[in-house]
Amino acid sequence: MAPRKRKQGQKQTHSNATNGNGNGNGNSNNSNISKESNGNAHSHQDNNNSQSLHDGFTGEVKEALEKLTNVLPKNSKVEVRHPTLSRNPSVANYLRQALFVNDVEVKDHKKHVPPGTRRRVILLLGIIIGMGLATVLMRQSKDAAYMEAFSHYFQDFDLASMVPSGMIPDEFIGNVSAMFRPEILTEEEFYPGEELREEHGYKPKYPVTMIPGIVSTGLESWSTTNNSCSQKYFRKRMWGTTTMFKAVLLDKDCWISNLRLDSQTGLDPEGVRLRAAQGLEAADYFVQGYWVWAPIIKNLAAIGYDNNNMYLASYDWRLSFANLENRDNYFSRLKSNLELSLKMTGEKSVLVAHSMGSNVMFYFFKWVESDKGGKGGPSWVNDHVHTFVNIAGPMLGVPKTLAAVLSGEVRDTAQLGAVSAYVLEKFFSRRERADLFRSWGGLSSMIPKGGNRIWGTINGAPDDGTHDEEETVMKEKIAKSEETPGATTKGKYGVQSPTFGAMLAFAEGSNMVDHGMDESMGLLSKMAGDDFNAMLAKNYTVGASVTKKEMDRTTKDPASWTNPLEATLPYAPKMKIYCLYGVGKSTERSYTYNRVSELIPQILDQRPGNVSDETGQVPNIYIDTSVHDDKLGISYGVHQGDGDGTVPLMSTGYMCVDGWSKKLYNPGGVKVITREFTHRSSLSPVDIRGGKRTADHVDILGNYQVTKDLLTIVAGRDGEGLEEQIYSKIKEYSAKVDL
């Protein structure tokens, strides 16, 4: 497998530092603008810097950057590391419009901000940060190299020093978000829905309920306590929309106190009330321009759906599934809505779940029929659910969840990509992030399940072997007769990668041995503390039942209701399950960790109930980003396999292709149809979300063929050719699983 290599220019950029006076030590591609603290004219060194600015820029951009010296506050510095971005005509034009206004004399920055200065600074900061965001988002590789580069762009970025006193934060944040808003052609927004309605007569048949994944639903504050910092955010979203960015950048402690749950109860801390937004708008867009469910909603509307027959069941994804019911009556409300839909329309519902939403639905199936839950009886699901559409569901968990709760490291976040990852990495320490992630009981529902049986041992794993992104694409072409059957599907390098079975491989010199999944859970138990361990034991299981006797016992335990290896599908022989997921994209599968040198004193964790062993010492471990080998599929400490960029193939595919074909896990014989979609990113710079054929974990919600399949199902046309399509090696891998 060959993760995308870092461009040559990036390494040069990283090595070119600037000194304390803002003087560039590198080539002309690194340019600095600075103001002396004494307010005098620029020094000779500054003139040299201004001259170096002229290299590699268009005339308008050169003049814009020179004008910037008269706008920035004193003691501030901006580095433009990639002038090629500014050669783009649209960017150059935006710079011209933003900066070329009537000159205003700047006399005293500390006492007075001249009229017009505020807006010019706001717009310029939005442009600079926007260009960096666009650089990351347009590449869509999610490779750690790009996140490292993005962070490097802003290593000297000091928001407080660059924003003049009195600036309105909302204006600044608004300009940042506007810079990465994608432009989508209006005539394409409702396709394939319009086409299917006009040419094939598609129209609504089954009521539709959509269940979003983790981090997809906006969370808004309902706190009214006088001494609460969140009172000023009343009815505003602390997760999602630009309010979140404002709070993180300018009010971090308050934001954390609202997002973190109580470590013992798993609920809101005293004085805090954060609740899931409601309605279709709760998860249509994460922020303005960054869609999540919007393409699906638009296409359902195109064939005749509206808010009378489609419903988005948003939820607070931070909560454990049990607490969703305890605090919000989530599953009771969902049960009532589905019963009402059946009564009003006479049709059973189609449940469409994405990502962690599929785990939520699996839990609901067990809860609704159990006497310990909804008391609906064994036939409730069969009577009320026509089809369960599982889009990119991590049915067996996600390795990156383990890394998040173990060491608090996030390389490219689970559901929304580079922007959220950067926010966490830049502003929060690993300790802060680990504490936050461990408090989210919902996140822990995606800790990998099945242990060494599914994920392998340090001696080998079912999905070991060469993998190349081009290989899956070639298999799809062969299956569709676009290539001759004799075409090679061998990887570029043909080099055997290290086994994925070492979920946590430790670098030489760390004085720690490699860990399989079972051993990794033991290490997590030592590091995470008593509160986390109690929450995990109460809410989730991560093992596997391999006999009927074991299954009869585990399937009745509510803690097993998120684990399809320890809880059966409902007895619903009339229900169908469609598994729609992406393949052919490099995906986190395991990690190389390291440990701070023994010469450095260990971090002492003095908080009650959060120690790693009897000595009270916490091993200071971290993902070792120095371990990098494209030929071995290792990208900055992350070992990559096949998947959709977030969820590995073993998690999206095993239960669908093999596990649920066994009576032990599917006693009712529910029909399961698996349809894989090979990831192909658009080469167009306009398609910053990957285009119509992307199979990325989130962007698959905008995939043309996935949308077409979904509309075929909800319109009752799924008998017209929606059969199994598999391009990956999932059947080969499944045959090696020890179950």
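Scroll up to find the structure this text is about.
Residues numbered from 1 in each chain as written. Predicted model: local features only at pLDDT ≥ 70, side-chain atom pairs only at ≥ 80, totals over all residues. Heavy atoms only, no water.

K.L.:
So what exactly am I meant to see when it comes to the side chain of Asp644 here?
P.N.:
Considering the arrangement of structural elements, one finds Asp644 in the loop between strand 19 (638–641) and helix 25 (649–657). Of the side chains with opposite charge, Lys585 comes closest to the buried, unpaired Asp644, at an N-O distance of 7.8 Å. A distance of 2.7 Å separates a polar side-chain atom of Asp644 from the backbone nitrogen of Val647. If we ignore the near neighbours within four places in the chain, the residues touching Asp644 are Ala392, Gly582, Lys585, Thr587, Thr652, Ala695, Asp696 and His697. (Helix = DSSP H or I, 4+ residues; strand = E, 2+ residues; numbered from the N terminus. Buried < 20%, exposed > 50% of the residue type's maximum accessible area, 1.4 Å probe, protein only. Lys, Arg positive; Asp, Glu negative; His and termini not counted. Salt bridge = Lys/Arg side-chain N within 4 Å of Asp/Glu carboxyl O. Polar contact = N/O pair within 3.5 Å; in protein donor to acceptor, adjacent residues only side chain to side chain. Contact = heavy atoms within 4.5 Å.)

K.L.:
Could you clarify how one ought to interpret helix 26 (residues 704–714) in this entry?
P.N.:
Residues spaced three or four apart along an α-helix face the same direction, because each turn holds 3.6 residues. Extensive coverage of helix 26 is indicated by the burial of eight of its 11 residues. Among the residues of helix 26, those classed as buried are Val706, Thr707, Asp709, Leu710, Leu711, Thr712, Ile713 and Val714. N-cap assignment for helix 26: the residue whose side-chain oxygen lies 2.9 Å from the backbone N of Gln705 is Asn703. Two residues or fewer past helix 26, Gly716 is found with a positive phi of approximately 75°.

K.L.:
How should I be thinking about the pattern of salt bridges in this particular structure?
P.N.:
Where side chains of opposite charge bring their charged atoms close, a pairing between them can arise. Within this structure, the stated rule accounts for 25 salt bridges. The partner of Lys335 in a salt bridge is Glu339, and the shortest N-O contact between them spans 3.0 Å. Separated by four residues within a single helix, Lys335 and Glu339 lie in helix 14 (residues 330–345), roughly one turn from each other. Through salt bridges with shared partners, one network takes in Asp268, Arg275, Asp316, Arg318, Arg327 and Asp328.

K.L.:
Explain the sheet that holds strand 3 (residues 208–211) here, please?
P.N.:
Backbone hydrogen bonds are what pair the strands of a sheet, in a parallel or an antiparallel way. Read from one edge to the other, the open sheet built from six strands follows the order 9-3-10-11-13-20, with strand pairing classed as parallel. Looking along the sheet, the strands with just one partner apiece sit at the ends: strand 9 (310–312) and strand 20 (671–678). Going across the sheet, the axis of each strand differs from the next one's by a mean of 15°, ignoring polarity. Inspection of the sheet shows strand 10 (residues 349–354) paired to strand 11 (residues 385–391) by six bridges, in the parallel sense. If you follow Val350 over to strand 11, its bridge partner there is Thr387. (Pairing = 2+ DSSP bridges. Axes fitted to C-alpha atoms, helices over the stretch in contact; angles between N-to-C directions.)

K.L.:
Can you help me understand the pairing of strand 3 in this one?
P.N.:
Two faces belong to every sheet, and in a regular strand the side chains alternate between them. Here strand 3 shows two buried faces, one formed by Val208 and Met210 and the other by Thr209 and Ile211. Taken together, the three bridges between strand 3 and strand 9 define a ladder with parallel strand orientation. For Met210, the partnering residue across the bridge sits in strand 9 and is Leu312. As judged from the four bridges shared by strand 3 and strand 10, these two strands associate in the parallel manner. Paired with Thr209 across the bridge in strand 10 is Leu351.

K.L.:
Whenever I open this one, the environment of Met575 confuses me. Can you help?
P.N.:
Relative to the elements of secondary structure, Met575 occurs in the loop between helix 24 (548–554) and strand 13 (576–583). Since its relative accessible area comes to 1%, Met575 is described here as buried. In the structure, Met575 is positioned 192 residues away from Asp383 in sequence and 8.8 Å away in space, judged by C-alpha atoms. Not counting the four nearest positions on each side in its chain, Met575 is found in contact with Phe365, Val381, Asn382, Val385, His386, Thr387, Phe388, Pro570, Val670 and Lys671.

K.L.:
Explain the packing of aromatic side chains to me, please; I cannot follow it from the model alone.
P.N.:
What characterises a pair of aromatic rings is the spacing of the ring centres plus the angle enclosed by the ring planes. Tallying each qualifying case throughout the model produces 21 aromatic pairs. When the centroid spacing of 6.2 Å and the interplanar angle of 25° are considered together, the rings of Phe364 and Trp367 count as stacked. Of the two residues, Phe364 and Trp367 both sit in helix 15 (residues 356–369), three residues apart, roughly one turn of that helix. Of the two residues, Phe364 and Trp367, both sit in the buried class. Ring centres of Phe364 and Trp380 lie 5.7 Å apart, and the angle between their planes is 85°; on these two criteria the pair is classed as edge-to-face. Remark: Trp380 occurs in helix 16 (residues 380–384) and Phe364 occurs in helix 15; sequence separation between them is 16 residues. For Phe364, a relative accessible area of 0% puts it in the buried group. Counting every residue linked through ring pairs, the aromatic cluster contains Tyr315, Phe321, Tyr330, Phe331, Tyr363, Phe364, Phe365, Trp367, Trp380, Phe388, Tyr540 and Trp561. In this arrangement the basic side chain of Arg689 is found over the ring face of Tyr290, its NZ or CZ atom lying 3.9 Å from the centre. (Phe/Tyr/Trp six-rings, centres within 6.5 Å; stacked < 30°, edge-to-face > 60°. Lys NZ or Arg CZ within 6 Å of the ring centre and 35° of its normal.)

K.L.:
What exactly am I supposed to notice about the sheet that holds strand 5 (residues 237–239) here?
P.N.:
What the three strands build is an open sheet, ordered 5-4-6; its pairing is antiparallel. Looking at which strands have only one partner, the edges of the open sheet turn out to be strand 5 and strand 6 (274–276). Strand-to-strand, the axes of this sheet are offset by a mean angle of 40°, without reference to chain direction. Where strand 4 (residues 219–221) lies against strand 5, two bridges are found, and the strand directions are antiparallel. Note that in strand 5 the partner of Leu219 across the bridge is Trp239.

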